[in-house]
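Notes for the structure review
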Amino acid sequence: MVGPNITVDALRHLAPVAPDWPGNEWWHWLVFTVILIVFILVMVIIFIYLERRIIAWFAARIGPNRTGPFGFFQNIAAALKLLLKEGVNPTNADILIFWLAPIVNFAPVIAVFAVVPFQNGALLADLNVGILFVIAIGSISTIGVFMAGWSSGNKYSMLGAMRMIAAVVSYEIPVVLALAGVVVLAGSLSLNDIVIAQERVPFIVLQPLGFLLLFVGGCAEINRSPFDLMEADSELVAGFHTEYSGIKWAMFFLGEFGEMVVMSTLIATLFLGGWQGPGLPPWLWLLIKIFIVDFIMIWTRATLPRVRIDQLMALAWKFMFPLALVNLIITAIQVLAWPDALPLYVIPINWAITVVLVLLGSKLFKLGWGRVEV
Amino acid sequence: MKFERYGIGIAKGMTVTMRNLLRRRITTQYPEQKLTVSRRTRGNELVWNKEKCTGCATCAKTCPQGVIHIVTSVGEENNYNVEVFEVDTGYCISCGLCVEACPYDALFMAYAFELAKYRRSELVLSRDDMLIENKQASAYFRPEVDKDLPEQELLINRKE
Ligand code: SF4
Ligand code: SF4
């Protein structure tokens, strides 16, 4: 029987524990959240600018260079144009979900950054399940896509959404397995601890296969070319956001590039050593690494032709999935064999394993039970 | 063994794009930078030699667009005086057939291309607009003009 018998002492135990605000002040949390959101939006704008500029360079063009210094304000002009456009609502649309979908798509992108460390301990929430949080929150974007496809009341949007979800769900598996390899190596799920664990060597050196899998899977998951056939601008009509216009479409666009920022940040944090680096301040190192990853993504986009849907699925299930499993098992064995710290001579071993596995995977890779010549 | 299947193809492609990244940009910023136009091109204008023209109107008959308008009168020495020679460049397709047809080598193409106007009527070139004394004739179908022109480099081979 609880009730009158409870003493004041017992009540004191029930009092809520002070939440773990950064700096133990609630307004720190508010200020840093706002700073982080602004940071992400600025990063997205920079990424869009870089994308347009660097893609242009790859095509021996110049790219936007008229609006503002070096054409930097071109995106702001484009954003203003989008904001001023009419937002068309289809007659058959499920209006509430139609409006919610872009927000559901974009909000997780911002939320993910709460666990990204910019310096030792400089992160909004040092969750001890950091990576799990990233994966879980990051997957919510896909629900936004499905909501968009469904609520548009248009079968082609729906098909586009399903195409995208099929790809994202397939690629989630190798990506998560590659991340698991990192977690096993670092012995922690917290992103901050993972970065600290890379003090000696970044994990890209220790685990080239994991990096490759995360990079390719990540590109597929955020719809980067050559895996961008969910919206394939040059052959299909945009897929799930066919019916969107104006500011809602802009949200999807932001979300797309926001996911690119997230993926670059994740790869930089998990495999390139995050904020670690000599000389420069840690946050600058992280930024530099993010931009390096971004550049490589743009480079692949400028180079590789789009894959077919069966090639896309086959790559996920027949090539990356087994490789990711093998990678995880090998990592686990190595960590079991050297529980304290991996000796440096596993690096050449791991590179050799990577080369052999990739060659083997390519040799055994078949489409359509081997009937279709690739 | 097809090595293209083991990632070599991707690596090759990546080097190709990287080489393009480091190459000179092919784009010119038009109003500020202008490409030198080939002096053998068919521009949007015609150039007319008043001395050589006999007013035979072959050019007017050849023009598929019918935009050359010639009015002649009989002169003293059993010749034609060209009273009106007008070309409506708004309809001209720069085909160059009039130049090729002229039996007296009196008509030339020109290489001007910035000829946007505010009114249609301004597009009609009168005889005085086309006089060869004021305009540079293109070497199109005119080997005697071509002789005196310097060799021009192709754009794609341009170095700087
Ligand atoms: S260039 Fe062709 S279209 Fe133009 S005036 Fe001569 S014949 Fe006619
Ligand atoms: S064809 Fe030649 S010579 Fe005859 S009218 Fe035309 S420009 Fe004059």
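Only a predicted model underlies this, so the values are computations on that prediction, with no experimental measurement involved. (Residues numbered from 1 in each chain as written. Chains lettered and ligands numbered in written order. Predicted model: local features only at pLDDT ≥ 70, side-chain atom pairs only at ≥ 80, totals over all residues. Heavy atoms only, no water.)

**What to know about the overall build of chain B**
When you go through chain B residue by residue, the secondary structure sums to 4 helices and 5 strands. Secondary structure elements of chain B occur, N-terminal to C-terminal, as α-β-α-β-β-α-β-β-α. Seen through its C-alpha atoms, chain B measures out along the principal axes to roughly 85 × 35 × 30 Å. Here chain B holds 160 residues, and 28% of them are scored as buried. Sequence separation of 24 or more characterises 76% of the internal contacts of chain B that already satisfy a separation of 6 or more. (Helix = DSSP H or I, 4+ residues; strand = E, 2+ residues; numbered from the N terminus. Buried < 20%, exposed > 50% of the residue type's maximum accessible area, 1.4 Å probe, protein only. Contact = heavy atoms within 4.5 Å.)

**Considering the overall build of chain A**
Each helix and strand counted, chain A has 13 helices and 0 strands in total. Listing the helices and strands of chain A from first to last along the sequence gives α-α-α-α-α-α-α-α-α-α-α-α-α. In terms of C-alpha radius of gyration, chain A reaches 23 Å, essentially the compact-globule figure of 21 Å for 374 residues. For the C-alpha atoms alone, the extent of chain A along its principal axes is close to 65 × 55 × 50 Å. Each of the 374 residues in chain A was classed as buried or not, and the buried ones make up 47%. Contacts in chain A between residues far apart in sequence, at least 24 positions, make up 77% of those at least 6 positions apart. Carbon and sulfur atoms make up 73% of the accessible area of chain A, which totals about 18,200 Å². On chain A, the mean spot of the 20 positive side-chain charges and the mean spot of the 22 negative ones are 11 Å from each other. (Rg over C-alpha atoms; globule rule 2.2 N^0.38 Å. Areas by Shrake-Rupley, 256 points an atom, 1.4 Å probe, with all protein chains shown as cover. Lys, Arg positive; Asp, Glu negative; His and termini not counted. Charge placed at Lys NZ, Arg CZ, Asp CG, Glu CD.)

**Structural notes on the environment of A:Pro69**
For A:Pro69, the position within the fold is in the loop between helix H2 (26-58) and helix H3 (74-84). For the pair formed by A:Pro69 and A:Trp249, sequence separation is 180 residues and the distance between their alpha carbons is 27 Å.

**Remarks on the packing of helix H6 (residues 155-186) of chain A against helix H9 (residues 208-221) of chain A**
Residue and element names in this part refer to chain A. Here H6 crosses H9 at 155°, and the two axes come no closer than 8 Å. Compared by their axis directions, H6 and H9 come out roughly antiparallel. Judged by the sense of rotation from one axis to the other, the crossing of H6 with H9 is left-handed. Each of Val168, Tyr171, Glu172, Val175, Ala178 and Leu179 in H6 lies in contact with H9, whose residues at this interface are Gly210, Leu213, Leu214, Gly217, Gly218, Ala220 and Glu221. Broken down by class, the residue content of the contact of H6 with H9 amounts to 8 nonpolar, 3 polar and 2 charged. (Axes fitted to C-alpha atoms, helices over the stretch in contact; angles between N-to-C directions. Parallel < 35°, antiparallel > 145°, perpendicular 65-115°, else oblique. Left-handed = near helix turned anticlockwise from the far one by under 90°. Nonpolar A, V, L, I, M, F, W, Y, C, P; charged D, E, K, R; others polar.)

**Things to note about the nonpolar core**
Counting residues in each nonpolar core, the largest one holds 97 residues, and the members touching the most others are A:Phe113, A:Leu270 and A:Met297. Not counting residues up to four positions away in its chain, the partners in contact with A:Leu270 are A:Ile131, A:Leu179, A:Val182, A:Leu191, A:Ile194, A:Gln198, A:Phe203 and A:Leu214. Listed in part, the 22 residues of the second largest apolar core include B:Ile70, B:Val82, B:Phe85 and B:Cys98. (Core = buried A, V, L, I, M, F, W, Y, C linked by side-chain atoms within 4.5 Å.)

**Side note on the site of ligand 2**
Near ligand 2, the surroundings consist of B:Trp48, B:Cys53, B:Thr54, B:Gly55, B:Cys56, B:Ala57, B:Thr58, B:Cys59, B:Ile70, B:Cys102, B:Pro103 and B:Tyr104. Per-class residue counts for the shell around ligand 2 are 9 nonpolar, 3 polar and no charged. (Near = heavy atom within 4 Å.)

**Comments concerning the packing of aromatic side chains**
Summed over the entire model, instances satisfying the criterion amount to 20 aromatic pairs over all chains. Plain terms: the ring middles of A:Phe72 and A:Phe73 are 6.0 Å apart, the flat faces sit at 70° to each other, and that makes the pair edge-to-face. Both rings, one in A:Trp249 and one in A:Phe253, keep their centres 5.2 Å apart while their planes meet at 15°; by these two values the pair is stacked. Placement of both A:Trp249 and A:Phe253 in helix H10 (residues 246-271) is noted, with a separation of 4 residues, approximately one turn of the helix. Classification of A:Phe253 by relative accessible area gives partly exposed; the value is 27%. Connected via pairs of aromatic rings, a cluster forms that spans A:Phe98, A:Phe240, A:Tyr244 and A:Phe252. The lysine or arginine in question, B:Arg42, covers the ring of B:Tyr140, its NZ or CZ lying 5.3 Å from the ring centre. The ring of B:Tyr91 carries the charged tip of B:Arg120 above its face, separated from the ring centre by 5.1 Å. (Phe/Tyr/Trp six-rings, centres within 6.5 Å; stacked < 30°, edge-to-face > 60°. Lys NZ or Arg CZ within 6 Å of the ring centre and 35° of its normal.)

**Focus on the confidence of the model for chain B**
Looking at chain B as a whole, the pLDDT averages 87, with 92% of positions reaching at least 70. For this predicted complex, the interface score ipTM comes out at 0.75, alongside a pTM of 0.80. (pLDDT = per-residue confidence, 0-100.)

**Looking at the environment of A:Val42**
Residue and element names in this part refer to chain A. Looking at the element boundaries, Val42 is found in helix H2. Take Val42: its relative accessible area is 41%, and that puts it in the partly exposed class. As for Val42 and Val88, which are separated by 46 residues in sequence, their C-alpha atoms are 27 Å apart.

**Some words on the interface of chain B and chain A**
Taken together, the contacts link 17 residues of chain B with 19 residues of chain A. For the pair chain B and chain A, the number of links is 1 salt bridge. The closest approach of N and O atoms between B:Glu32 and A:Arg66, which form a salt bridge, is 3.1 Å. (Salt bridge = Lys/Arg side-chain N within 4 Å of Asp/Glu carboxyl O.)

**Quick notes on the sheet that holds strand S2 (residues 68-74) of chain B**
All names here are of chain B. Ordered in space as S2-S3-S5, the 3 strands form an open sheet in which the pairing is antiparallel. On the outer flanks of this sheet lie S2 and strand S5 (124-125), each paired with one strand and no other. Direction of pairing for S2 relative to strand S3 (residues 80-88): antiparallel, over a ladder of 7 bridges. Along S3, the bridge assignment pairs Thr72 with Val82. (Pairing = 2+ DSSP bridges.)

**Here we look at the pattern of salt bridges**
All names here are of chain A. Applying the stated criterion across every chain, the model contains 9 salt bridges over all chains. Across the pair Arg308 and Asp310 runs a salt bridge, and its minimum N-O distance is 2.9 Å. Here the salt bridges do not stand alone but share partners, grouping Glu51, Arg224 and Arg301 into one network.

**So, the site of ligand 1**
All residues adjacent to ligand 1 are B:Leu46, B:Cys63, B:Pro64, B:Gln65, B:Val67, B:Ile68, B:Cys92, B:Ile93, B:Ser94, B:Cys95, B:Gly96 and B:Cys98. Across the shell around ligand 1, the residue classes tally to 9 nonpolar, 3 polar and no charged.

**Quick notes on a nonpolar patch on the surface**
A cluster of nonpolar side chains, contributed by A:Trp26, A:Trp27, A:Trp29, A:Leu30, A:Val31, A:Phe32 and A:Ile35, occupies part of the molecular surface with about 720 Å² of accessible area. Along the chain, A:Trp26 turns up in helix H2. (Patch = residues over 30% accessible without salt bridge, like charges linked within 9 Å, V, L, I, M, F, W, Y side chains within 5 Å.)

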